[in-house]
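The chain contents come next:
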Amino acid sequence: MAIRKILHYGEPSLREVSKEVHKVSRKITDLVQDLLDTMYSQNGVGLAAPQIGENVRVFVIDVSTGNEPLNPMVFINPKIIKKSGAVKSNEGCLSFPEAYTDVKRYKNIMVKALNEHGKSFILEAKDGTLLSRAIQHENDHLDGILFIDHCINRFETENVLQKYNLPHLDPDLLLDEKELEDEISKND
Ligand code: ZN
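To start, this report covers the structure provided alongside it.

Rules of the game
Residues numbered from 1 in each chain as written. Predicted model: local features only at pLDDT ≥ 70, side-chain atom pairs only at ≥ 80, totals over all residues. Heavy atoms only, no water. Pairing = 2+ DSSP bridges. Helix = DSSP H or I, 4+ residues; strand = E, 2+ residues; numbered from the N terminus. Axes fitted to C-alpha atoms, helices over the stretch in contact; angles between N-to-C directions. Contact = heavy atoms within 4.5 Å. Expected span 1.5 Å × (residues − 1). Buried < 20%, exposed > 50% of the residue type's maximum accessible area, 1.4 Å probe, protein only. Donors = N, O, S within 2.8 Å, 3.2 Å for Na, K, Ca; no water. Core = buried A, V, L, I, M, F, W, Y, C linked by side-chain atoms within 4.5 Å. Salt bridge = Lys/Arg side-chain N within 4 Å of Asp/Glu carboxyl O. Disulfide = S-S within 2.5 Å.

Brief notes about the sheet that holds strand β7 (residues 120–125)
Within the open sheet, the 5 strands sit side by side as β1-β2-β3-β6-β7. Their pairing is antiparallel. Looking at strand neighbours, the two that pair on one side only are β1 (46–48) and β7, the edges of this open sheet. Neighbouring strand axes in the sheet, compared pairwise and without regard to direction, differ in orientation by 35° on average. Note: strand β6 (residues 108–114) against β7, 6 bridges, orientation antiparallel. Each residue of the ladder has a partner; that of A113, found in β7, is F121. Packing of helix α1 (residues 26–41) onto the sheet brings it into contact with β1, β2 (58–61) and β3 (73–84), and relative to β2 it is tilted by some 40°.

Next comes the structure, spelled out in structure tokens:
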């Protein structure tokens, strides 16, 4: 299919809430293929449809590394149905070239979604693995939430954004995650 242009932070559509998919049509499977092609072209771990300018509830993830075979995972209309624990996660995003910062995430999650064939599945990701954190990161994109909204230290994050000439942090969009914070500082 096609490698698409990835929208960068500052693009208003990254802040929009994406629409549910009503039917896993050819248009959606083509979109899935574009997401995978684009993600692999950038060596990314995940990519959500809004990042290529399509505000629909679809994202892809591949957490395989090195010589492991590719393992593309497709999530359509995902819902995180369980979450527990907390971890500190150092994250980046293809919409924030080169910028990484520490964020708060749940440790364990359970997600329900449709795959590229329109079949429903449930997946559990535990222990703050890359998969668990990537699902939370990509799922957020569908609600216009970005990883910096979960940042642990807003001053550090602001410095990183400035360093890479990205727009400022929006203090109004920072998430109140007291419970996650408390648990992370307990374990630190
Ligand atoms: Zn992202």
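Additional details are given in the paragraphs that follow.
Overview of helix α2 (residues 130–141)
When the terminal C-alpha atoms of α2 are compared, their 17 Å separation across 12 residues agrees well with the 16 Å that a helix rising 1.5 Å per residue should span. In terms of residue burial, α2 counts as a mostly covered element, since 11 of its 12 residues are buried.

Looking at the pairing of β6
Where β3 meets β6, 6 bridges bridge the pair, whose relative direction is antiparallel. Within β6, the residue paired with K82 across the bridge is M110. With antiparallel pairing between neighbouring strands as the criterion, β6 and β7 make up a hairpin whose turn holds 5 residues, including G118 at a positive phi of roughly 80°.

Examining the coordination of the zinc ion
Each protein donor to the zinc ion is listed here as C93 (SG), H137 (NE2) and H141 (NE2); together their distances run 2.1 to 2.2 Å. In terms of primary sequence, the donors binding the zinc ion are separated according to C-x43-H-x3-H. With a gap of 44 residues between them, C93 in strand β4 (residues 87–93) and H137 in helix α2 connect regions that are remote in the sequence. Judged by its relative accessible area of 7%, H137 falls in the buried class.

Points about the nonpolar core
Residues V32, L35, L47, V58 and V60 are the most contacted members of the largest nonpolar core, which totals 15 residues. Going through the elements one at a time, α1, β2 and β3 are the ones with two or more residues in this core. Considering every element that reaches this core, the biggest residue donor is α1, with 6 residues. Excluding anything up to four places from it in sequence, L47 contacts I6, L35, T38, M39, I52, F59, V60, L94 and E138.

Remarks on the pattern of salt bridges
Counted by the stated rule, this structure contains 12 salt bridges. Of the charged contacts in the structure, one is a salt bridge between R15 and D149, with a shortest N-O distance of 2.7 Å. Here D149 lies in the loop between α2 and α3 (154–163) and R15 lies in the segment before α1, a separation of 134 residues in the sequence. For R15, a relative accessible area of 27% translates into the label partly exposed.

Some points on the state of the cysteines
Enumeration over the complete set of coordinates arrives at 0 disulfides. Looking at C151, it has no disulfide partner, and the nearest cysteine sulfur is the one in C93, 14 Å off.

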